[in-house]
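# What the coordinates show
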Amino acid sequence: GWLRGAALLAMAAGLAVGPGRGALPAAELLFLLLLLLVLLLLAGAAKPRRGPGLRGCPGVPGSSRARRPGAVPPPYPNGWYRLLDSSRLPHGTVRSVALLGEQLAAFRTQDGQAYVVDAYCPHLGANLAMGGRVTGNCIECPFHGWQFRGEDGKCTSIPYAEKVPNFAKVRTWPSCEVNGMLLIWYHCDGVSPTWAVPEQQEITTKEWVFRGQTEHFINAHIQEIPENAADTAHLTFLHGPSILSGTDLRYTRSKLWNFMKHIWKAEWQPEPEPNKHCSQLLVKHHATVFGKHFSLLDLAVSARQVGPGLVFLIFEHAFLGQGIILQTVTPLEPLLQNVVHKIYYQKNMPGIIPKFILKAECIQFERDVTIWNNKQYLPKPLLVKEDTAIQKHRRWYAQFYSERSLKFRAPENLDW
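Predicted, not measured: the structure shown is a model, and the values here were computed from it.

## Some words on the sheet that holds strand β6 (residues 133-135)
Across the sheet, which stays open at both edges, the four strands sit in the order β6-β7-β8-β9 with antiparallel pairing between neighbours. Of all strands in the sheet, those with a lone pairing partner are β6 and β9 (155-157), marking the two edges. Each strand of the sheet is rotated relative to its neighbour by a mean of 40°, with strand direction disregarded. Judged from the three bridges that link them, strand β7 (residues 138-140) and strand β8 (residues 147-149) form a sheet pairing that is antiparallel. Looking across to β8, one finds that Cys138 is bridged to Arg149.

Pasting the structure below:
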């Protein structure tokens, strides 16, 4: 199957060479095919879901209990977060979802409108998502049949009561559906959404189509993950070694794979008003093989962070086309993050190309995961002048916290 995929990749590379682009060097194309095959053989089939016990450099036994999180910021920044994929919520269905330390119920009416409410019925605490059903624009409690309107949470019907109390309601969460995802708005002060999630036009028009996704669960504070965008120094050291060397940090710098290196040039900047909730990371990547520039792996990436938990990574290759990886970071608990990468790619390219890109990105990302899973957050890190972008990023990210943001409290036994 992968041999057939490699053949398709070769065909795609040949088809991608149009007038004015010139011919692909045969040696580079052959090496790219070998790179793909070796990568797949070494790494095995792509695993779309990884738990906190990620393989590779696991750290000291029992470190998850002994590790101190440090003086971390509030656990839940204000902003939009991915709840689930729209496709997982068909008409007339209810889904139970846990995030932000809350239990929620998401449901879709027969006319297609999605709503999100607190999961527990204010009557006697039954979980609306466990056996509850959709009736009109309401969700019905499975315990006593109380019905709550999705729009504002107000109770509209109690089967055995003469009158519905005016104060009978369940909390509702502002939500939106963009780019094939259902997202909810969180703000510790109950403030309504102050910005909208941007729509990626190529996804809406189906010019770019879905080609796969990965999912990771990370034991770290949410701020640690986007902060890597400003930490350009780590790109050379952590992500410079060849992707063929894998994710286990004990072996990524092995001399066996030293013939290939990744070269990164990156610059991070916050955006001005009215998009102060956004930032931009511009990355240029190329690779060297035995010290010589391997142009077929040249890649330009524009990564736009939108709020605390959304990243739009648009990449462009001279021969293999364009696409986007949507990265969503959703806090499930104070120090447990759900990270999903969804790749969309131009539909006239074989699926093997975006799958290879996603696999390569996954290998690099899992190197970061090993660091995040074992590091401590330092509120006052020891920095050199070349690290000034990190402090700049922290000042930018601070806008997502409020005075009333929930404060983090580590359990006494540190068993998180």
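## Observations regarding unusual backbone geometry
Across the junction of Glu273 and Pro274, the peptide omega takes the value 5°, indicating a cis bond. You will see that Phe290, though not glycine, has its phi angle at about 55°, which is positive. With respect to the element layout, Phe290 can be found in the loop between β14 (278-289) and β15 (292-306).

## A look at the packing of aromatic side chains
This model, assessed by the stated rule, comprises 15 aromatic pairs. Judged by centre distance (6.0 Å) and plane angle (75°), the ring pair of Trp268 and Trp396 falls under edge-to-face. With a gap of 128 residues between them, Trp268 in strand β13 (residues 260-270) and Trp396 in helix α8 (residues 388-397) connect regions that are remote in the sequence. By the burial criterion, Trp268 is buried, and Trp396 matches it. An aromatic cluster is built from Trp268, Trp396, Tyr397, Phe400 and Tyr401, whose rings are joined through pairwise contacts.

## Considering the side chain of His277
The residue His277 is located in the loop between β13 and β14 in this model. Other than its neighbours up to four places away in sequence, His277 contacts Trp195, Gln305, Val306, Gly307, Trp396, Gln399 and Phe400.

## Here's the deal with the environment of Val134
You can see Val134 is positioned in strand β6. A relative accessible area of 16% places Val134 in the buried class. A sequence separation of 13 residues divides Val134 from Gln147, and the C-alpha atoms of the two residues are 8.9 Å apart. Not counting residues within four places of it along the chain, the set of residues in contact with Val134 comprises Gly92, Thr93, Val94, Phe107, Arg108 and Thr109.

The rules behind each value
Residues numbered from 1 in each chain as written. Predicted model: local features only at pLDDT ≥ 70, side-chain atom pairs only at ≥ 80, totals over all residues. Heavy atoms only, no water. Pairing = 2+ DSSP bridges. Helix = DSSP H or I, 4+ residues; strand = E, 2+ residues; numbered from the N terminus. Axes fitted to C-alpha atoms, helices over the stretch in contact; angles between N-to-C directions. Phe/Tyr/Trp six-rings, centres within 6.5 Å; stacked < 30°, edge-to-face > 60°. Buried < 20%, exposed > 50% of the residue type's maximum accessible area, 1.4 Å probe, protein only. Contact = heavy atoms within 4.5 Å.

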